[in-house]
Amino acid sequence: MWSRVCGATSSSTLGWGGEPDRAIDGKHCSEWGDGSCTHTDAGRQDPLTGQTDLNVDGTPHGPAWWQVDLGGTASITKVDVWHRTGCGDIITDPVTNRAVSSSCNSRLEGSHIFVSNQKRAPDGKMWSVTTCTQGSGCSVCGVLHSSIGQQPEVITCGQAPTPTPGQTYSPPPPFGAPPPGQYQGRYISISHVHDTDAGHGIGGSSGGRIITICEARVTGRRIDQHVCALPRPRPPL
């Protein structure tokens, strides 16, 4: 099942023209210049409170996220994610004339993949490790690392991936055989986690303010009738 077959995408914010539907356009181009990667607004920091999860207009949005509606409930096996690449090269800062390294390759590091029946948690916010429970119809499929490893990064639901050599982040345990009904839902969300989810992520190289995905592929089995599976009406004669 390919998520691009059906459903709509959305994201916490939109930045630099990185529309959320770019992640399901079927292209595996992973450099920004190819025009196939999503991008949320980096937000800004409040000079008085120090809060960084803000939109550019000052309104709070919480950790950045991306979501796709599969059009109906499915049992999810795995999610493949193509990270943004081409940012780890050493470049010369035109202002300071110093050699610096870009870090956008690790924007997704520590972000969680949620499988849920509803778009949002019961509190109206994006799912977090605290709110994503079996009782609320949500499961944590897995945790993303970065583009240091092989593209795409394959997250098999319930299976802890092996950290890439040189990778310092490890996903939190436990990952094991899911109880009945786990990893089933209509919505797939890739989100940085909240401050209350201590020990469950580091927010990537943006501190949780940016989600950028160059392609996402969802594999699973349909459970009920999907919107995209309905017969299309014939055009009028």
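Since this is a predicted model, take the numbers as computed values, not measurements.

Peer 1: Is there a simple way to think about the state of the cysteines in this case?
Peer 2: In a disulfide, the sulfur atoms of two cysteines are held together by a covalent bond. Under the defined criterion, the tally for this structure stands at three disulfides. With a sulfur-sulfur separation of 2.0 Å, Cys37 is cross-linked through a disulfide to Cys214. The sign of the S-S torsion, about 95 degrees, decides the handedness of the disulfide formed by Cys37 and Cys214: right-handed. Taken together, the positions of Cys37 in the loop between strand 1 (9-11) and strand 2 (65-82) and Cys214 in the loop between strand 8 (184-191) and strand 9 (215-222) put the pair 177 residues apart, joining distant regions of the chain. For Cys37, a relative accessible area of 0% translates into the label buried. Two residues share a disulfide in this structure: Cys132 and Cys138, whose sulfurs sit 2.0 Å from each other. Here the S-S torsion is close to -95 degrees, and the disulfide linking Cys132 with Cys138 is therefore left-handed. Given the relative accessible area of 3%, Cys138 is considered buried. Note on Cys29: no disulfide assigned, nearest cysteine sulfur contributed by Cys37 at a separation of 7.9 Å. Relative accessible area serves as the criterion here: at 32%, Cys29 is assigned to the partly exposed category.

Peer 1: Even after reading the chapter, I still don't get the side chain of Ser11, so can you show me in this structure?
Peer 2: Tracing the backbone shows Ser11 in strand 1. A polar contact is formed between the side chain of Ser11 and the backbone oxygen of Thr13, at a distance of 2.8 Å. For Ser11, the contacting residues outside a window of four places in its chain are Pro20, Thr40, Trp65 and Trp66.

Peer 1: Can you help me understand the pairing of strand 7 (residues 153-156) in this one?
Peer 2: Taken residue by residue, a regular strand's side chains alternate between the two faces of the sheet. Residues Glu153 and Ile155 line the buried face of strand 7, whereas the alternating positions Val154 and Thr156 sit on a face that is not buried. Bridge count between strand 2 and strand 7: four bridges; the pairing is antiparallel. Residue pairing in the sheet places Val79 in a bridge with Ile155 of strand 7.

The rules behind each value
- Residues numbered from 1 in each chain as written.
- Predicted model: local features only at pLDDT ≥ 70, side-chain atom pairs only at ≥ 80, totals over all residues.
- Heavy atoms only, no water.
- Disulfide = S-S within 2.5 Å.
- Helix = DSSP H or I, 4+ residues; strand = E, 2+ residues; numbered from the N terminus.
- Buried < 20%, exposed > 50% of the residue type's maximum accessible area, 1.4 Å probe, protein only.
- Polar contact = N/O pair within 3.5 Å; in protein donor to acceptor, adjacent residues only side chain to side chain.
- Contact = heavy atoms within 4.5 Å.
- Pairing = 2+ DSSP bridges.

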